Amino acid sequence: MHHCDGNCTYYFVKPTNFEIEMSENTQKIEAKPTSKNILVLQDLTKTFNKTKTVAVSKLSLNIKRNSITAIVGESGSGKTTLCRLIAGLETPDEGCIQINNKVVSSTTVFTPPEKRHIGMVFQDYALFPHLTLYKNIAYGLAKGVDKVKRVIDLLDLVGLKDLEKRYPHQLSGGQQQRVALARALAPSPDILILDEPFSNLDANFRVKLRKEIFQIIKQTQVTALFITHDTDDATAVADEIMIIKDGVLVQHDATKVIIEQPKNSYVASLFSRG
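Residues numbered from 1 in each chain as written. Predicted model: local features only at pLDDT ≥ 70, side-chain atom pairs only at ≥ 80, totals over all residues. Heavy atoms only, no water.

Engineer: What am I meant to see in unusual backbone geometry here?
Structural biologist: What is expected of a backbone is that most residues other than glycine have negative phi and most peptide bonds are trans. Residues other than glycine seldom take positive phi values, yet N101 does so here, at roughly 65 degrees. Considering the arrangement of structural elements, one finds N101 in the loop between β8 (94–99) and β9 (102–105). Exposure remark for N101: the relative accessible area of 44% places this residue in the partly exposed category. Even without being glycine, Y125 reaches a positive phi, approximately 75 degrees. (Helix = DSSP H or I, 4+ residues; strand = E, 2+ residues; numbered from the N terminus. Buried < 20%, exposed > 50% of the residue type's maximum accessible area, 1.4 Å probe, protein only.)

Engineer: Help me understand the sheet that holds strand β5 (residues 37–48) in this model?
Structural biologist: In a beta sheet, neighbouring strands are held together by backbone hydrogen bonds and run either parallel or antiparallel to one another. Across the sheet, four strands lie side by side as β6-β5-β8-β9; this open sheet has antiparallel pairing. If you trace the sheet from one side to the other, it starts and ends with β6 (53–64) and β9, each paired once. Adjacent strand axes in the sheet meet at a mean angle of 25 degrees, parallel and antiparallel pairs treated alike. With five bridges connecting them, β5 and β8 associate as antiparallel partners. By the bridge assignment for β8, L41 is matched with I97. Of the strands in this sheet, β5, β6 and β8 touch helix α1 (residues 79–87), which is tilted by about 120 degrees from β5. (Pairing = 2+ DSSP bridges. Axes fitted to C-alpha atoms, helices over the stretch in contact; angles between N-to-C directions. Contact = heavy atoms within 4.5 Å.)

Engineer: Please clarify how the environment of T53 should be interpreted in this entry.
Structural biologist: Locating T53 in the fold gives a position in strand β6. Accessibility expressed as a relative area gives 38% for T53, which makes it partly exposed. Spatially, the C-alpha atom of T53 lies 9.4 Å from that of G247, the residues being 194 residues apart in sequence. Every residue in contact with T53, bar those within four places of it in the chain, is listed here: K46, T47 and F48.

So far we have only geometry, and geometry alone does not tell us how the molecule works.
As C-alpha cells, then:
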C-alpha cells in the first residue's frame, strides 16, 4: 500500500509491478518499482459540477512503456476528459495519476501540464498560423537545446525536409498533421497524446497517413495514447485498446484479445466486422 500524501491510497495488486529482492542474510524483502508501466491511474474520478455529469468514474489502469494504446468510445464517453486529466488540463475530484513512478495528481498533489513531459496532438492541429514551420516546432524547446538541429531532424523524420520556412496555410491537411506531430515530439516527451488525429482527413488518405504517423511514433519509441471513435484506426495501429462507456472503463486488453474475446455485447458491437 502506498499513500499519496495521506489522502489518496492506491494498491499495486499485480506482482509484476515490482521486482522483489530478498537478502539471504537479513531475509528482508524490498519492493522496487519496475519501469514496465509508464502511466498508472488509480480510482480516477471527474464530475462536472454544472451538469452533474460524471465524465470519468473510478477508472484504474496501467499503460506499458513504449506502447501504443487506443482509447475508444462514443461521443460523450469520457475519453477526451480522461486524456485531459492525464495531461493536467483538468483536475480530478478523486484518485491518483502516476507518471514514471511519480505522483503528478492526487487530492493533495498537482503537477502543472508543462512539467508532466506530455506531448499533445490536437484534432485541429493547433498550429500557430503566423509562425513558420521551424518556429512552430521550436516553440516548446527549452533553452540550451540545439534548436536548429532538433527541428531539421524532426522535419526529416516526418517527411517535410527543407520546408522549415513555409507557413501552415501553405501545407495540406496531412502535412499540417505531420508538423503538429513534430512539434509534440520536439521536447522528447515521455507520453504522446493524440486526440482524434485522423478525423479531419478523407477516408483514402487517412489510411496512408495513419500508417506513416504510427511508424514515426514506433521509431521514436514514445508511449502513445490516441483517442478515437473509429475502431479501424484502433485495430490498425494499437498494441492495446481500452473501451470507455459513460466514464467507466469497460475493457482494456491487447488488441487481439479485444477483437477475439470481447468482455460483453457492447464491446462486441463496437468491433463487429459484420
